[in-house]
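# Reading the structure
Residues per chain, in single letters:
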Amino acid sequence: MKEIVVLSGKGGTGKTSIVGSLAVVAQSKVLADCDVDAADLHLLLSPTVRDKNEFWSGQTAFIDAERCTQCGLCEEVCHFGAIKDYTVDEVSCEGCGFCARICPTEAITMKDNMAGYWFISETRYGTLVHARLGITQENSGKLVAVVRQNAKFITEREGLEYIIIDGPPGIGCPVISSLSGADMALLITEPTLSGMHDLDRIIGVCQHFGILALVCINKYNLNEENTHQIETYCHNQGVKVVSRIPFDNVVTEALVRGLPVVEYSDGKVSQEIKKLWRVVEGKSPPLQ
Amino acid sequence: MIISVASGKGGTGKTLVATSLALSLSKNSKVQLIDCDVEEPNAHIFLKPTFTQQEIVSIPVPKIDEGRCTYCGKCAEICAYNAIAVFQKKVLVFPELCHGCGACTYLCPEHAISEEGRGLGVVETGNSNGIKFTQGKLSIGEMMAPPIIRRAKECVDPERVAIVDVPPGTSCPVVEAIKGSDFCLLVTEPTPFGLNDLVLAVGVVRKLNIPCAIVINRAGVGDKKVEEYCLSESIPILLTIPLDTRIASLYSKGITLAEGMPEWQESFLDLFDKIKGLLR
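Fair warning: this is a prediction, and the values are worked out from it, not measured in the lab. (Residues numbered from 1 in each chain as written. Chains lettered and ligands numbered in written order. Predicted model: local features only at pLDDT ≥ 70, side-chain atom pairs only at ≥ 80, totals over all residues. Heavy atoms only, no water.)

This next bit is on the overall build of chain B. The helix and strand inventory of chain B stands at eleven helices and eleven strands. Scored against the burial criterion, the 280 residues of chain B give a buried share of 60%. For chain B, contacts bridging at least 24 residues in sequence account for 74% of all contacts bridging at least 6. Each charge sign in chain B was given a centre, from 28 positive and 32 negative side chains, and these centres are 1 Å apart. (Helix = DSSP H or I, 4+ residues; strand = E, 2+ residues; numbered from the N terminus. Buried < 20%, exposed > 50% of the residue type's maximum accessible area, 1.4 Å probe, protein only. Contact = heavy atoms within 4.5 Å. Lys, Arg positive; Asp, Glu negative; His and termini not counted. Charge placed at Lys NZ, Arg CZ, Asp CG, Glu CD.)

The following block contains the structure:
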């Protein structure tokens, strides 16, 4: 079993569109959407939810006004500025429980957070494990870990070959939670200065955690000079470029119809994504 | 006044809007741009500031004085983040899990815990053609963005119009970046992904009680559902930027719309006037 996580650093480079198409092309796999606070993969895969689960994580402090003597100690010790005028700002509270432990009249209790849902769904391309973090909830990294664990469990139980993970943008908590211990990171970039800057940081994260990284340049023809620079940069970093996908509005047309692009069209974009998967599987050599 | 620029979905054009709005306003007003997308800060690519100050952002993590420690295990019991494990004759601290709440230090019965700073990243301040520029940057391999965002936001200059570039998503870093704004601009694209994530982002700003409006970028690319949604939710659309290869090309080279196509400056000034109108 191999776990492949699709990341980008910068948002909007095409992670979900490409994962949606890999879902069609790859045969023996489970899909996991680890972009839990803005999940979109379901819009391409039309899942039927088979199993919906609550995600309980973290706590929030509550002050009982009747018991509170307004001594102000809780506000004084809170490192997150979450208590003002003897009330808790639920959004700022990080659930450490410091206030509840030191309140002299035991007026503060910690309550568990229902921080979202996670789902096991069936799609026409196989099983999808996905999630929805509650609005303004924390602990996206923990929810990512739950999604990954379940995807792994199903993959092992059914004797499948791959877990394909649609990862979140950025380089922080949910990205590290999506990446740690994976077999390979497929990094989707675009030939813009922002895309290149962010690629450098996400490659840094992969190197930091010792994860093999492969790069796919999406919309490569938007700026071929930048594409060339990315290839040179990757070469110098010892990172392989496995694919160049042209810009084509057909990707958005397919999206509007709720379809992965490889199902909607057999044009250049679809052909490149099919080639990309053969390289990832080790059945074709990379571009460089 | 603080205007945050957010989106839910990544890559919809937050930085494009934030930088061009800042530049257009800077001709007549005092402006500050605060890049709170600390995982992937990109505004500096467009505004090319000269940085004059750099501050390391750290959180207090526990340091155990094993001479005083009796291995009672109280610190491990109270830590909500499992950042401390106590064995018979050994205490292990996992600093990357620590949120810096300070409970263990305060509550240790032997006063055996002190705090030491653990650097998560930096906040840098500088100047770009009269625009005060502040950005947070998370270090590679670090997980916790909110403390850096919090520090960057503390640099708000009340004398200036502050424009905050928000990270994508809807979880804690986004909340930290938007919190305290007077107004939130939500940049989206007219596609099913753009709409799905816009609905989530609207949920965040409504929970925070911050007035918002929409900028549609790459108009013409997908369908009409974003407009229908805004109409049904009575959220005003203040600016529409078309799908245009010239704009995409400028963006790819790190050139702002306000500089590359100066005729857009008028539209950004108009956008600002409309925001002021909505706040009145």
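The next point concerns the domain arrangement of chain B. What the domain assignment reports for chain B is domain 1 (2-57 + 121-279) and domain 2 (66-111). In this structure, domain 1 of chain B and domain 2 of chain B have C-alpha centres spaced 40 Å apart. (Domains from an automatic or database assignment.)

Residue and element names in this part refer to chain B. The backbone of lysine 48 shows a phi angle near 45°, a positive value even though the residue is not glycine. Positive phi, close to 50°, is recorded for asparagine 129, a residue that is not glycine. Looking at where asparagine 129 falls in the secondary structure, it is placed in the loop between strand E6 (113-128) and strand E7 (131-138).

Moving on to the sheet that holds strand E9 (residues 183-188) of chain B. Residues and elements named next belong to chain B. Read from one edge to the other, the open sheet built from nine strands follows the order E3-E6-E7-E2-E8-E1-E9-E10-E11, with strand pairing classed as mixed. The open sheet has two edge strands, strand E3 (50-64) and strand E11 (237-242), and neither has a second partner. On average, each strand axis in the sheet is tilted by 20° relative to the strand beside it, whichever way the strands run. Strands E9 and strand E10 (212-219) of the sheet are contacted by helix H7 (residues 192-207), whose axis makes an angle of about 170° with E9. Helix-sheet contacts for helix H11 (residues 264-279) involve strand E1 (2-6), strand E8 (161-165), E9, E10 and E11, and the interaxial angle to E11 is about 160°. (Pairing = 2+ DSSP bridges. Axes fitted to C-alpha atoms, helices over the stretch in contact; angles between N-to-C directions.)

This part is about the pattern of salt bridges. Applying the stated criterion to the full structure yields 27 salt bridges over all chains. For glutamate 190 of chain A, the salt bridge goes to lysine 10 of chain A, with nearest N and O atoms at 4.0 Å. Of this pair, glutamate 190 of chain A sits in the loop between strand E9 (184-189) and helix H7 (193-208) while lysine 10 of chain A is found in the loop between strand E1 (2-7) and helix H1 (15-25), placing the two residues 180 residues apart along the sequence. Per residue, the accessibility class of glutamate 190 of chain A equals that of lysine 10 of chain A, and both read buried. Between arginine 201 of chain A and glutamate 40 of chain B there is a salt bridge whose closest N-O contact spans 3.4 Å. One end of the pair, arginine 201 of chain A, is in helix H7; the other, glutamate 40 of chain B, is in the loop between strand E2 (31-35) and helix H2 (43-47), on a second chain. An identical accessibility class is assigned to arginine 201 of chain A and glutamate 40 of chain B; each is buried. (Salt bridge = Lys/Arg side-chain N within 4 Å of Asp/Glu carboxyl O.)

Before going further, it helps to spend a moment on the nonpolar core. Judged by nonpolar contacts, the single largest core of 120 residues is most densely connected at Leu187 and Val215 of chain A together with Ile178 and Leu186 of chain B. Contacts of valine 215 of chain A, omitting those with residues within four sequence positions, involve Leu187, Thr189, Leu199, Ile203, Cys234, Val239, Lys240, Val241, Val242 and Ser243 of chain A. Judged by nonpolar contacts, the second largest core, of 38 residues, contains Val5, Leu21, Val31 and Phe268 of chain B. (Core = buried A, V, L, I, M, F, W, Y, C linked by side-chain atoms within 4.5 Å.)

Taken together, the 57 residues of chain B in the interface contact 56 residues of chain A. Between chain B and chain A lies a buried interface of about 4,800 Å² when both sides are counted; carbon and sulfur atoms form 60% of it. In terms of surface lost to chain A, no three residues of chain B exceed Glu40, Ile140 and Phe193 of chain B, which account for 15% of the buried area on that side. On the surface where chain B and chain A come into contact, there are three salt bridges. Taken together, the connections running from chain B to chain A amount to 28 residue pairs in polar contact (both at pLDDT 80 or more). Among the elements of the structure, H2, helix H3 (74-78), helix H4 (103-107), E7, helix H6 (172-178), H7 and helix H9 (245-252) of chain B are those that each provide at least two residues to the side of chain B that touches chain A. Grouping the constituent residues of the side of chain B that touches chain A by class yields 25 nonpolar, 19 polar and 13 charged. (Buried area = accessible area lost by both parts, 1.4 Å probe. Polar contact = N/O pair within 3.5 Å; in protein donor to acceptor, adjacent residues only side chain to side chain. Nonpolar A, V, L, I, M, F, W, Y, C, P; charged D, E, K, R; others polar.)

Here we come to the domain arrangement of chain A. When the domains of chain A are assigned, the result is domain 1 (2-46 + 124-280) and domain 2 (59-114). On a C-alpha basis, the centroid separation for the pair domain 1 of chain A and domain 2 of chain A is 40 Å.

Residue and element names in this part refer to chain A. Here nine strands make up an open sheet; going across it, the order is E3-E6-E7-E2-E8-E1-E9-E10-E11 and the pairing mixed. Strands with a single pairing partner mark the edges of an open sheet, and in this sheet they are strand E3 (48-63) and strand E11 (240-245). Geometrically, the sheet is characterised by an average inter-axis angle of 20° between neighbouring strands, direction not taken into account. Running at roughly 170° to E9, H7 makes contact with E1, E9 and strand E10 (213-218) of the sheet.

Our focus in this paragraph is the pairing of E1 of chain B. Residues and elements named next belong to chain B. Counting buried positions over the five residues of E1 gives five, a clear majority of the element. In E1, alternate side chains face the same way, and those of Ile2, Ser4 and Ala6 on one face and Ile3 and Val5 on the other are all buried. Pairing analysis gives four bridges linking E1 to E8, with the strands arranged parallel. Residue isoleucine 2 lies in a different strand from E8, and its bridge partner there is alanine 162. Sheet topology places E1 next to E9; four bridges connect them, and they run parallel. Counterpart to isoleucine 3 in the pairing with E9 is phenylalanine 183.

Moving on, we come to the side chain of aspartate 35 of chain B. Residue and element names in this part refer to chain B. Mapped onto the elements of the fold, aspartate 35 is located in strand E2. Polar side-chain contacts of aspartate 35 include one of 3.1 Å to the backbone nitrogen of asparagine 42. Setting aside residues up to four positions removed in sequence, aspartate 35 forms contacts with Pro41, Asn42, Ala43, Thr134, Gln135, Gly136 and Asp165.

This next bit is on helix H11 (residues 268-280) of chain A. Taking 1.5 Å of rise per residue, the 13 residues of H11 of chain A would be expected to cover 18 Å, and the 18 Å separating its terminal C-alpha atoms lies within 8% of that figure. Buried residues of H11 of chain A: Val269, Ser270, Glu272, Ile273, Leu276, Trp277, Val279 and Val280 of chain A, and no others. (Expected span 1.5 Å × (residues − 1).)

What follows deals with the state of the cysteines. Residue and element names in this part refer to chain A. For the coordinates displayed, the defined rule picks out zero disulfides over all chains. Distance from the sulfur of cysteine 34, which forms no disulfide, to the nearest cysteine sulfur (cysteine 173) is 12 Å. Classification of cysteine 34 as buried rests on a relative accessible area of 0%. With no disulfide of its own, cysteine 234 lies 11 Å from the sulfur of cysteine 216, the closest cysteine sulfur. The buried category is assigned to cysteine 234, whose relative accessible area is 0%. (Disulfide = S-S within 2.5 Å.)

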